[in-house]
Amino acid sequence: MPLANRRVMSIGIAVVVLLALVGGYLVLTSSGKTMHVTAKFKRVVAVYPGSSVRILGVPVGKVTKITPHGTYVEVQMTYDGKYKVPADATAAVVPPAIVGDRYIQLAPAYLGGPTLKDKAVIEMGSTEVPAELDEIFGNLDKLNVALGPQGANAQGALSRLVAVGAKDLADGNAKRLNQAVHDVSQLFATLDDSKGDLVGIIDHLGSFTAMLAADDTNVRKVNEDLASVADFLAGEREDLSAAVGNLSVALGEIATLVKDNRTDLKINIAQLANVTNVLVRQKRNLTEFLDVAPLALRNLQQAFDESTESLATRGNFNALTNPSQELCNVLAQPARGLCKLVLEGIIPGNAAFKTGGPKQARTAQDLKQLLEVLP
């Protein structure tokens, strides 16, 4: 065999031996110790020495001894030390079938924290046993006796209850009852789908109540003010009642007035609409008036001379230098031009008299024409 192959084989054998040693060490250190535990049950049926001890349904040990006592049964068990059991573990007898050996279950599964010590004792408060058939039958027999002729049905009350219930269900209420059960089921399904929102509402209510508790002084003050207002209203309830009555009468009178004067009110409202339309159209002018009016009033106040009790004003008489020209300027076209021609011909001192032109010969016909075109 070549030297390289022998070296590879030697290395492989060494690795296998090393893994075997490590695995054996782990097995010996983890499962070499057997844990002992004792559990107290109020009764033990179909459990014997050698019965299985399990965790989550997986066999981890067995029952070693069963010792009956006056009011309980003591069961001693062992399990492999590599399985950890919580320090507050419980023990329960589990029946896999009606007939057959049962096993003991240690619960819950270990998730962390302290573990069950060796030779620990699980007391009766932490053990459970299944209901037996004879116990079930005995309880059913007691129920039958309690509901029978010697019990609740001694006067026929139970029979009447059954008869009335059957009659009510036979009259169509069975369908409604079924619908009610269906609706309740949908309600629970809706609540389950909205559990996040419900949790949020509860959180917000918690925050709100915490805020109220933190602001207890102001909350008390508000309650006291509300109580004062309530007392005041209670003391004035007669006046409030009279005011409400008068208001009711006034509303009735207004309703009658509106009914009797509906036509006039309609006309007035239409005319008021016209006024408002005018105000809207003259909005700019009104704005300008409101801007200028204060200044005008102020100027008027300042123009009043208290010593003479008169308005101190200054006139502009430049227009009097040419009165005919200013008189014609106030007229509209075409009267303005004709006015100038006539006045220049009939007023002495005008240019027509100075030049001696044909404008001087204007007659009454010209005045008649002027009057016809004046507005």
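Residues numbered from 1 in each chain as written. Predicted model: local features only at pLDDT ≥ 70, side-chain atom pairs only at ≥ 80, totals over all residues. Heavy atoms only, no water.

Some words on the overall build of the protein chain
Alright, step 1. Within the protein chain, the regular secondary structure consists of 12 helices and 10 strands.
Alright, step 2. Residues classed as buried in the protein chain amount to 15% of the 375 residues present.
Alright, step 3. Relative to all contacts within the protein chain whose residues are 6 or more apart in sequence, the contacts with residues 24 or more apart total 56%. (Helix = DSSP H or I, 4+ residues; strand = E, 2+ residues; numbered from the N terminus. Buried < 20%, exposed > 50% of the residue type's maximum accessible area, 1.4 Å probe, protein only. Contact = heavy atoms within 4.5 Å.)

A short note on the packing of aromatic side chains
Geometry of an aromatic ring pair is reported as the spacing of the ring centres plus the angle between the planes.
Alright, step 1. Using the criterion set out here, one finds zero aromatic pairs in the structure.
Alright, step 2. Across from the ring centre of tyrosine 103, 4.0 Å away, lies the NZ or CZ of arginine 54, which sits over that ring. (Phe/Tyr/Trp six-rings, centres within 6.5 Å; stacked < 30°, edge-to-face > 60°. Lys NZ or Arg CZ within 6 Å of the ring centre and 35° of its normal.)

A short note on the nonpolar core
Alright, step 1. Of all hydrophobic cores here, the largest spans 22 residues; its most connected members are Met77, Tyr79, Ile104 and Leu106.
Alright, step 2. Once residues lying within four places of it in the same chain are set aside, the contact partners of methionine 77 are Met35, His36, Val37, Ala39, Val53, Lys62, Val63, Thr64 and Ile104. (Core = buried A, V, L, I, M, F, W, Y, C linked by side-chain atoms within 4.5 Å.)

Considering the sheet that holds strand β2 (residues 52–55)
Alright, step 1. Taken in spatial order, the eight strands of this open sheet run β7-β1-β4-β3-β2-β6-β5-β8, and their pairing is mixed. The sheet is open, and its two edges are formed by β7 (120–122) and β8 (127–128), each paired on a single side. (Pairing = 2+ DSSP bridges.)

Regarding the pattern of salt bridges
Opposite charge on two side chains permits pairing when their charged atoms draw close.
Alright, step 1. What the rule picks out here adds up to four salt bridges.
Alright, step 2. Arginine 220 is paired through a salt bridge with aspartate 216; the nearest N and O atoms lie 2.6 Å apart. With a gap of four residues between them, arginine 220 and aspartate 216 both fall in helix α5 (residues 216–235), about one helical turn apart.
Alright, step 3. Using a relative accessible area of 52% as the deciding quantity, one classes arginine 220 as exposed. (Salt bridge = Lys/Arg side-chain N within 4 Å of Asp/Glu carboxyl O.)

Re the pairing of strand β6 (residues 103–107)
Alright, step 1. Counted residue by residue, β6 has four buried out of five residues, so it is predominantly covered.
Alright, step 2. As judged from the two bridges shared by β2 and β6, these two strands associate in the parallel manner. In the strand pairing of β6, valine 53 is matched with isoleucine 104.
Alright, step 3. Direction of pairing for strand β5 (residues 90–94) relative to β6: antiparallel, over a ladder of five bridges. Residue pairing across strands places alanine 92 opposite glutamine 105, the latter belonging to β6.

Section: the pairing of strand β4 (residues 73–80)
Alright, step 1. Burial analysis of β4 places six of its eight residues in the buried class, which makes it a mostly covered element.
Alright, step 2. Pairing analysis gives eight bridges linking strand β1 (residues 34–41) to β4, with the strands arranged antiparallel. Residue pairing for β4: alanine 39 is matched across the bridge by valine 75.
Alright, step 3. Both strand β3 (residues 58–68) and β4 contribute to a ladder of seven bridges, which runs antiparallel. The residue bridging proline 68 from the neighbouring strand is valine 73, located in β4.
Alright, step 4. Linking β3 to β4, which pair antiparallel, is a turn of four residues.

A look at the confidence of the model for the protein chain
Alright, step 1. Within the protein chain, residue pLDDT values average 78, and 71% of them lie at 70 or more.
Alright, step 2. Here residues 347–364 scores under 50 on pLDDT; set against residues more than four positions off or in separate chains, the count is 22 contacts. (pLDDT = per-residue confidence, 0-100.)

Considerations on the side chain of lysine 40
Alright, step 1. Looking at where lysine 40 falls in the secondary structure, it is placed in strand β1.
Alright, step 2. For lysine 40, the contacting residues outside a window of four places in its chain are Tyr72, Val73, Glu74, Val121, Ile122, Glu123, Met124 and Thr127.

A closer look at a nonpolar patch on the surface
Alright, step 1. Residues Val184, Leu187, Phe188, Leu191, Leu198, Ile201 and Leu205 make up a contiguous nonpolar surface patch of about 630 Å² in total accessible area.
Alright, step 2. Taken together, the elements giving at least two residues each to the nonpolar patch come down to α3 (157–193) and α4 (195–214).
Alright, step 3. It is α3 that provides the largest number of residues to the nonpolar patch, a total of four residues.
Alright, step 4. Relative to the helices and strands, valine 184 resides in helix α3.
Alright, step 5. According to the relative accessible area criterion, valine 184 is partly exposed, its value standing at 38%. (Patch = residues over 30% accessible without salt bridge, like charges linked within 9 Å, V, L, I, M, F, W, Y side chains within 5 Å. Areas by Shrake-Rupley, 256 points an atom, 1.4 Å probe, with all protein chains shown as cover.)

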